[in-house]
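Breakdown of the fold
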Amino acid sequence: MTRNMLVLLAGAGSFALLVGAYLFQALGYPPCAMCLWQRWPHMAAIVIAALALRFGGPALPVLGAAAAGTTGGLGVYHTGVERGWWAGPSSCSGGGGMQGMTGADLLAIEGPRVVMCDQVSWEFLALSMASWNAVASFGLMAIWISAVMIKAGSSRTA
């Protein structure tokens, strides 16, 4: 397999994960703040893949591996927050207090809905979306690393 094929596969993997995330959002699973954080490195990986396909070289696949590893790490962190293994950001994990709120504030049904980062909204085979993102992202990181390891002479197909 050539470097370009691996780069294309890794970039397409990030694209597929983003499409899946937006599809779940369209199906009524709004993302929390940490879910959104996990999307940014996938977007970067797609751009990196496009640049690597255009310009070649080993540096861009290294950046792609870093992007995939970053979103994988965020997925592990988010999973830990969901499972109660460690505390998450107070802005989306229920750590904020109710000081200064009135009864009317608590009963209001209007205004923005905060999606809690410490709640699992969907899971499959006992893994949440954040967990699946971590598993898939670390797989993509392995593909990026494979692209880095291929000899420079095989980066272009004839």
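This text goes with the structure placed above it.
Residues numbered from 1 in each chain as written. Predicted model: local features only at pLDDT ≥ 70, side-chain atom pairs only at ≥ 80, totals over all residues. Heavy atoms only, no water.

A closer look at the overall build of the chain
A count of helices and strands for the chain gives 5 helices and 2 strands. Ordering the α and β elements of the chain from the N terminus gives α-α-α-α-β-β-α. Counting every position in the chain, which comprises 158 residues, the buried fraction comes to 34%. Contacts spanning at least 24 positions in sequence make up 80% of the contacts within the chain whose residues lie at least 6 apart. Element-wise, carbon and sulfur atoms account for 70% of the exposed surface of the chain, whose accessible area totals about 9,100 Å². (Helix = DSSP H or I, 4+ residues; strand = E, 2+ residues; numbered from the N terminus. Buried < 20%, exposed > 50% of the residue type's maximum accessible area, 1.4 Å probe, protein only. Contact = heavy atoms within 4.5 Å. Areas by Shrake-Rupley, 256 points an atom, 1.4 Å probe, with all protein chains shown as cover.)

A word on the nonpolar core
One finds Leu6, Val7, Ile48, Ile143 and Trp144 to be the most contacted residues of the largest nonpolar core, which totals 16 residues. Breaking this core down by element, the ones donating at least two residues are helix H1 (3-26), helix H2 (33-55), helix H3 (59-83) and helix H5 (129-149). The contacts of Trp144, once residues within four sequence positions are left out, are Val7, Ala10, Gly11, Ala45, Ile48, Ala49, Leu60, Pro61, Gly64, Ala65 and Ala68. (Core = buried A, V, L, I, M, F, W, Y, C linked by side-chain atoms within 4.5 Å.)

Remarks on the packing of aromatic side chains
For the structure shown, the criterion picks out 2 aromatic pairs. Between Trp85 and Trp86, the ring centres sit 6.0 Å apart and the planes meet at 70°, which makes this aromatic pair edge-to-face. Note on Trp85: relative accessible area 57%, which makes it exposed. Arg39 extends its terminal NZ or CZ atom over the ring of Tyr22, reaching a point 4.4 Å from the ring centre. (Phe/Tyr/Trp six-rings, centres within 6.5 Å; stacked < 30°, edge-to-face > 60°. Lys NZ or Arg CZ within 6 Å of the ring centre and 35° of its normal.)

Considering the side chain of Gln38
Within the secondary structure layout, Gln38 lies in helix H2. What makes Gln38 buried here is its relative accessible area of 5%. Looking at Gln38, its side chain comes within polar contact range of the side chain of His78, at 2.9 Å. (Polar contact = N/O pair within 3.5 Å; in protein donor to acceptor, adjacent residues only side chain to side chain.)

Looking at H2
In this model, H2 (23 residues) spans 34 Å end to end at C-alpha, consistent with the 33 Å of a helix rising 1.5 Å per residue. Restricting attention to buried positions, one finds in H2 the residues Met34, Gln38, Arg39, Pro41, His42, Ala45, Ile48, Ala49 and Ala52. Once H2 finishes, Gly56 follows within two positions and takes phi at roughly 70°, a positive value. (Expected span 1.5 Å × (residues − 1).)

Remarks on the side chain of His42
Its place among the elements puts His42 in helix H2. For His42, a relative accessible area of 3% translates into the label buried. Here Ser14 takes part through its side chain, which lies 3.0 Å from a polar atom of the side chain of His42. Residues contacting His42, with those up to four places away along its chain left out, are Ser14, Leu17, Leu18, Thr71, Asn133, Ser137 and Leu140.

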